[in-house]
Amino acid sequence: MRLIDGKKIALELEEQIRAQVAVIQGRKPSLAFILVGDNAASQTYVRAKKRACAAIGILSTLTHLPSTISQDELLREIDLLNRNPNVDGILVQLPLPMHINDRAVMLSINPEKDVDGFHPVNIGKMLLGEDHGFLPCTPHGIKILLQKYNIPVEGKHVVIVGRSNIVGKPLAAILMQKRPHCNATVTIAHSQSEHLTDITQSADILVAAIGKAHFIKKEMVKPKAVVIDVGINRLCDGKIVGDVDFENVAPITSWISPVPGGVGPMTIAMLMQNTLYCYNKLYNSPSLR
Ligand code: NDP
């Protein structure tokens, strides 16, 4: 078993981005965060992302809004950021309160500033395999991890457990593309899938994006498979664990990503990359601002 060190790869990527930002003359790239309500996990994620911005030299702002804000008021805040030429990227931290429609919010973000890659325009571009959209950060980070570790994906059977719009579906869309480091045969499983163990056991690369601690057990994994653990679950004692029963699964794998230190740091590195990409696109094309 060998460990996929997402922290190390993310730091390398962030160092490259930092060097690119350092040579920018004039205004540096800037990312605007919107946080609605007081969800503790969301606050932690936004803090970590802002820390990464600061370390890289990306400017960041935080608009913290009360959970009682109406959808219209939130859309107005987003509109202000859409129009602000000094803002390159906009990130609305999910989840949003129940009374706010996520899709309406995602749709309201200028696709050119959509650093999360959740706008339907960017999802469409990703599905079509176009080069000029944004890839959602977590699945993009997984693709880069596999690439950096020279783990063959082409022609392999990738099984993704989880079909969310932010992880499972976009990862399937990315890895099935007809292009280098993709070309995978992809299966998506979910809570309604029958014979889940048969499906996961057939995976050359198994991705767990379920949100249930230690869900993937040893008997669900083919010996020598590659296992990517996306899950972030907080146990009663405060410990953060993934969706994979790491202790028992790791010994039979060829490669495995740990939690923490696997996919999580890559998500942030990809966010930094998308922000720089927005900046380069917007700053060099005033008509898009
Ligand atoms: P969602 O809750 O949106 O999706 C979970 C998926 O798992 C659903 O498709 C669900 O099926 C499926 N599922 C649930 N129970 C089972 C089961 N018993 N058998 C098979 N499939 C099941 O989660 P996310 O995709 O947003 O996140 C997944 C995990 O990844 C979470 O722990 C989250 O915290 C973490 N995460 C980590 C990130 C990182 O940067 N490392 C980024 C984003 C998420 P169904 O669709 O049928 O309900």
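Here the structure is a predicted model, which is why all the values come from computation and not from measurement. (Residues numbered from 1 in each chain as written. Predicted model: local features only at pLDDT ≥ 70, side-chain atom pairs only at ≥ 80, totals over all residues. Heavy atoms only, no water.)

Visitor: Which residues make up the pattern of salt bridges, and what values do they have?
Guide: All chains considered together, the criterion is met by seven salt bridges. The partner of Arg27 in a salt bridge is Asp88, and the shortest N-O contact between them spans 3.0 Å. Remark: Asp88 occurs in the loop between α3 (71–83) and β4 (89–92) and Arg27 occurs in the loop between α1 (6–22) and β2 (30–36); sequence separation between them is 61 residues. Looking at Arg27, the relative accessible area reads 17%, which means it is buried. (Salt bridge = Lys/Arg side-chain N within 4 Å of Asp/Glu carboxyl O. Helix = DSSP H or I, 4+ residues; strand = E, 2+ residues; numbered from the N terminus. Buried < 20%, exposed > 50% of the residue type's maximum accessible area, 1.4 Å probe, protein only.)

Visitor: Any details on the sheet that holds strand β8 (residues 226–229)? Residues and values, ideally.
Guide: Strand order in this open sheet of six strands is β1-β11-β8-β7-β5-β6, and the pairing throughout is parallel. Strand pairing shows two members of the sheet lacking a second neighbour, β1 (2–3) and β6 (185–189), which therefore form its edges. With four bridges connecting them, strand β5 (residues 157–161) and strand β7 (residues 205–208) associate as parallel partners. The residue of β7 that forms the bridge with Val161 is Ala208. Across the sheet, helix α7 (residues 168–175) touches β5, β6 and β7, and the angle it forms with β6 is around 170°. (Pairing = 2+ DSSP bridges. Contact = heavy atoms within 4.5 Å. Axes fitted to C-alpha atoms, helices over the stretch in contact; angles between N-to-C directions.)

Visitor: Which residues make up the pairing of β2, and what are the values?
Guide: Taken residue by residue, a regular strand's side chains alternate between the two faces of the sheet. Counting buried positions over the seven residues of β2 gives seven, a clear majority of the element. Burial of the side chains of β2 extends over both faces: Ser30, Ala32, Ile34 and Val36 are buried on one face and Leu31, Phe33 and Leu35 on the other. Taken together, the seven bridges between β2 and strand β3 (residues 59–65) define a ladder with parallel strand orientation. Bridging from a neighbouring strand, Phe33 pairs with Leu62 of β3. Between the parallel pair β2 and β3, the chain is carried across by helix α2 (residues 40–56), and the sense of this crossover is right-handed. Note that β2 and β4 share four bridges and pair parallel. When the sheet's bridge partners are listed, Leu31 is paired in β4 with Gly89. (Right-handed = clockwise from strand over helix to strand, strands pointing away.)

Visitor: Explain the environment of Asn39 to me, using residue names and the numbers behind them.
Guide: Inspection of the secondary structure assignment puts Asn39 in the loop between β2 and α2. Of the residues examined, Asn39 reaches a relative accessible area of 33% and is grouped as partly exposed. Sequence-wise, Asn39 and Asn280 are 241 residues apart; in three dimensions their C-alpha atoms are separated by 33 Å. There is a polar contact of 2.9 Å between the side chain of Asn39 and the backbone nitrogen of Ala41. For Asn39, the side chain forms a polar contact with the main-chain nitrogen of Ser42, separated by 3.0 Å. (Polar contact = N/O pair within 3.5 Å; in protein donor to acceptor, adjacent residues only side chain to side chain.)

Visitor: Describe the layout of surface pockets, and please don't skip the residues or the numbers.
Guide: By volume, the largest pocket is sized at about 1600 Å³. Along the walls of the largest pocket sit 50 residues, with Tyr45, Lys49, Ile232, Gly264 and Thr267 positioned nearest its centre. Going through the elements one at a time, α1, α2, β4, α6 (137–148), β9 (233–234) and α10 (263–283) are the ones with two or more residues in the lining of the largest pocket. Among the elements that make up the lining of the largest pocket, the one with the highest residue count is α2 (eight residues). (1 Å grid on protein atoms, 1.4 Å probe; cavity = no way out; pocket = protein on both sides within 12 Å on 5 of 7 lines; lining within 4 Å. Points joined across faces, edges and corners; volume = space filled by probe spheres on them.)

Visitor: I'd like to hear about the nonpolar core, residue by residue, with values.
Guide: The biggest cluster of nonpolar side chains holds 53 residues, and the ones touching the most others in it are Leu31, Val207, Ile228 and Met272. At 10 residues, the largest contribution of residues to this core is made by α10. In this structure Leu31 touches Cys53, Ile58, Leu59, Ser60, Thr61, Gly89, Ile90, Leu91, Val115, Leu271, Met272 and Thr275, once residues within four positions along its chain are discounted. (Core = buried A, V, L, I, M, F, W, Y, C linked by side-chain atoms within 4.5 Å.)

Visitor: Which residues make up the packing of α2 against α10, and what are the values?
Guide: Viewed as axis vectors pointing N to C, α2 and α10 meet at an angle of 55°, and their least axial separation amounts to 10 Å. The orientation of α2 with respect to α10, classified from their angle, is oblique. Of the two elements, α2 crosses α10, and the hand of that crossing is right-handed. Contact residues: α2 offers Ala48, Lys49, Ala52, Cys53 and Ile56, while α10 offers Ile268, Leu271 and Met272. Its residues placed into classes, the contact of α2 with α10 shows seven nonpolar, no polar and one charged. (Parallel < 35°, antiparallel > 145°, perpendicular 65-115°, else oblique. Left-handed = near helix turned anticlockwise from the far one by under 90°. Nonpolar A, V, L, I, M, F, W, Y, C, P; charged D, E, K, R; others polar.)

Visitor: Quick one: what's the story with the packing of α1 against α6, residue by residue and with numbers?
Guide: It is at 11 Å that the axes of α1 and α6 come closest, and there the two elements cross at 100°. It follows that α1 is roughly perpendicular to α6 by the angle criterion. On α6, the residues touching Gly6, Ile9 and Leu13 of α1 are Ile144, Leu145 and Lys148.

Visitor: If you had to explain the sheet that holds β4 to someone new, which residues and values would you point to?
Guide: An order of β3-β2-β4 is seen for the three strands of this open sheet, with the pairing classed as parallel. Each edge of the open sheet carries a strand with a single partner, namely β3 and β4. Between one strand axis and the next, the sheet turns by 15° as a mean value, whatever way the strands run. Where α3 meets the sheet, its contacts fall on β2, β3 and β4, and the angle it forms with β2 comes to roughly 175°. On the sheet, α10 packs against β2 and β4 and is oriented at approximately 125° with respect to β2.

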